[in-house]
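Topology and contacts: notes
Each chain, letter by letter, is given below.
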Amino acid sequence: MTKLNKKFAVLGHPISHSLSPKIHQYFASQFGINLDYQRIDVESTNFKKTLSDLKQEGYEGLNITLPLKNLAYEICDELSLRAEQAKSVNTISIKNDKLLGDTTDGLGLITDLLIKNISLANKKILVIGAGGASNGVMFDLISQHPQAIFLTNRTITKSHDMAEYWASLAKDNDVLLNILSLKEDITFDLIINATSSSLGNGSVIFPENLKGYFWYDMMYGKQTPFLLKAEQNKAKFSDGLGMLVEQAAAAFNIWHHQKPDTKSIYEIL
Ligand SMILES: NC(=O)c1ccc[n+]([C@@H]2O[C@H](COP(=O)([O-])OP(=O)(O)OC[C@H]3O[C@@H](n4cnc5c(N)ncnc54)[C@H](OP(=O)(O)O)[C@@H]3O)[C@@H](O)[C@H]2O)c1
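Residues numbered from 1 in each chain as written. Predicted model: local features only at pLDDT ≥ 70, side-chain atom pairs only at ≥ 80, totals over all residues.

**As for the overall build of the chain**
Within the chain one finds nine helices and 12 strands. In summary, the chain has a C-alpha radius of gyration of 19 Å against a globular reference of 18 Å for 269 residues, a match within 12%. Dimensions of the chain, computed from C-alpha atoms along their principal axes, come out at roughly 70 × 35 × 35 Å. The buried share of the chain, taken over its 269 residues, is 47%. (Helix = DSSP H or I, 4+ residues; strand = E, 2+ residues; numbered from the N terminus. Rg over C-alpha atoms; globule rule 2.2 N^0.38 Å. Buried ≥ 20, exposed ≤ 12 C-beta atoms within 10 Å, placed from the backbone.)

**Let's talk about helix H9 (residues 241-256)**
For H9, spanning 16 residues, the distance from its first C-alpha to its last is 22 Å, which sits close to the expected 22 Å at 1.5 Å a residue. With 12 of 16 residues buried, H9 lies mostly within the body of the structure. Of all the positions in H9, only Gly242, Met243, Leu244, Val245, Glu246, Gln247, Ala248, Ala249, Ala250, Ala251, Phe252 and Trp255 are classed as buried. Looking at the packing, one finds that the buried side of H9 touches helix H1 (20-30), strand S3 (61-64), strand S5 (91-95), helix H5 (105-115) and strand S12 (236-238). Of the residues flanking the end of H9, it is histidine 257, one or two places downstream, whose phi is positive at about 55 degrees. (Expected span 1.5 Å × (residues − 1). Contact = placed C-beta atoms within 7 Å.)

**A word on H1**
Those residues of H1 that sit buried are Ser20, Ile23, His24, Tyr26, Phe27 and Ala28. With its phi angle positive at about 65 degrees, glycine 32 sits one or two positions after the end of H1.

**Remarks on the site of the ligand**
Neighbouring residues of the ligand: 28 residues in total, closest Gly131, Ala133, Arg154, Thr195 and Gly240. Elements that contribute at least two residues to the shell around the ligand include exactly H5, helix H6 (132-143) and H9. Grouping the amino acids of the shell around the ligand by side-chain chemistry returns 12 nonpolar, 13 polar and three charged. (Near = placed C-beta within 6 Å. Nonpolar A, V, L, I, M, F, W, Y, C, P; charged D, E, K, R; others polar.)

**Considerations on the sheet that holds strand S11 (residues 211-217)**
Sheet architecture is open: six strands sit in the order S9-S8-S7-S10-S11-S12, paired in parallel fashion. Either end of the sheet is taken by a strand with one partner, and the two such strands are strand S9 (176-179) and S12. Within the sheet, the average angular offset between the axes of one strand and its neighbour, ignoring direction, is 20 degrees. Each of strand S10 (187-193), S11 and S12 is contacted by helix H8 (residues 225-232), which is oriented at about 150 degrees to S11, the strand it contacts most. (Pairing = 2+ DSSP bridges. Axes fitted to C-alpha atoms, helices over the stretch in contact; angles between N-to-C directions.)

**Focus on the sheet that holds strand S1 (residues 6-12)**
Spatial strand order, S2-S1-S3-S5-S6-S4: six strands in an open sheet with mixed pairing. Single-partner strands in this sheet number two, and they are strand S2 (35-41) and strand S4 (78-79). Across the sheet, helix H2 (residues 44-56) is in contact with S1, S2, S3, S5 and strand S6 (98-102); its angle to S1 comes to roughly 170 degrees. H9 rests against S3, S5 and S6 of the sheet, and its axis sits at about 10 degrees to S5.

**So, the domain arrangement of the chain**
Split into domains, the chain comes out as domain 1 (6-103 + 247-265) and domain 2 (106-238). Computed from C-alpha coordinates alone, the two centres of domain 1 and domain 2 are separated by 26 Å. Between domain 1 and domain 2, the contact holds 10 residues from the first and nine residues from the second. Among the elements of the structure, helix H3 (69-75), helix H4 (81-86) and H9 are those that each provide at least two residues to the side of domain 1 that touches domain 2. No other element matches the three residues that H4 contributes to the side of domain 1 that touches domain 2. (Domains from an automatic or database assignment.)

**Side note on the nonpolar core**
Grouped together as the largest cluster of nonpolar side chains are 76 residues, with contacts concentrated most on Ile125, Ile149 and Ile192. Element by element, the count of residues in this core is highest for H9, at nine residues. Looking at this core, you find at least three residues from each of domain 1 (6-103 + 247-265) and domain 2 (106-238). Other than its neighbours up to four places away in sequence, isoleucine 149 contacts Ile125, Val127, Leu141, Ala170, Val175 and Leu177. (Core = buried A, V, L, I, M, F, W, Y, C linked by C-beta atoms within 7 Å.)

What follows is the structure in C-alpha cells.
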C-alpha cells in the first residue's frame, strides 16, 4: 500500500518567490518523510476561509508569511507563549480540528546568529524597524539576556509603542530597553535591520553614522543598502537567509519532531 503524502503549505501574498517548499522538501528527504508542500497565494480577505478549507482537506501544518502573520495570530485557536507575546504566527499545526499557532522567526534568528558565533548575552543590540518582523523576534532577543536593546524606526512613535509593549519582559530579564537617541555615540555589538526598506525602490531611511561590529539584515537574496553600509564600515555582516532556513527547521521540528541538518541546504538554495 502506498503511504499518503503528509500535506503542508506556505500561505502569503505574494508567495511565488517563497523558498519554503524547497527547504521543507529537503528536510523531509533527510528522514524519509513523504511531503506534499504547496505554495498558496492568499489575501487577508480570504485567509480565514482558506484556513478552514485546508483543515477540511487534511492539511497537517501551515507556514504563514507576509502579510498574514498577525491575522493568523488572531485566528488560531491556541497559541504558544512566543506567538502570544509576539502577536505573530508563522507556523500552524492542525490537530483535532484546531489551529495551534507558534512563531519560529525569533528562534530562527538566534540560531543563525549562534551558528555565526554571535552570542547575545551582555551585548548591546540595535533593532531597526518596528513592524511585524522586529516585534516577532523581540521575545527571543530578550530571552538571550543582552545588556541592552536599542530601538529605532522611520516612524519613531512606533518604536516608543514597541518599547512600552516589551518593557515588562525586558525588565524581568534585566535587559535595558531604550530608544536610540542620535546624541549617543554607541558602537553596537549587533545591528539588526528588520525593516522592509530594501523591498521598495524608495529612499532608505536609517539613522546616520551607525557603528556596529556585526550587521544583520533580515532581508535576503540581494545586496541591500544596509549591507553596503556594513561593508563600508568594514564590519562583519550577514543577510537573513540563515534566519529563513533556521525558522523553517524550527517549524519542521514542531511538526515532525525531528531536527534537520541545515548546513547542507545552502548549495541547493
Ligand atoms: N529572513 C527571514 O526569515 C525574515 C522573517 C521575517 C521578516 N523578514 C523580512 O523583514 C522585513 C520586515 O518585515 P515586516 O513583517 O516587519 O514588515 P512590516 O510589518 O511591514 O514593517 C516594515 C518596517 O520597515 C520600515 N520601513 C519600510 N520602508 C522603509 C524605508 N524606506 N526606510 C526605513 N524603514 C522603512 C517600516 O517603518 P514605518 O513604521 O516607518 O513604516 C516598518 O518598521 C521584510 O524585508 C521581510 O522580508 C525576514
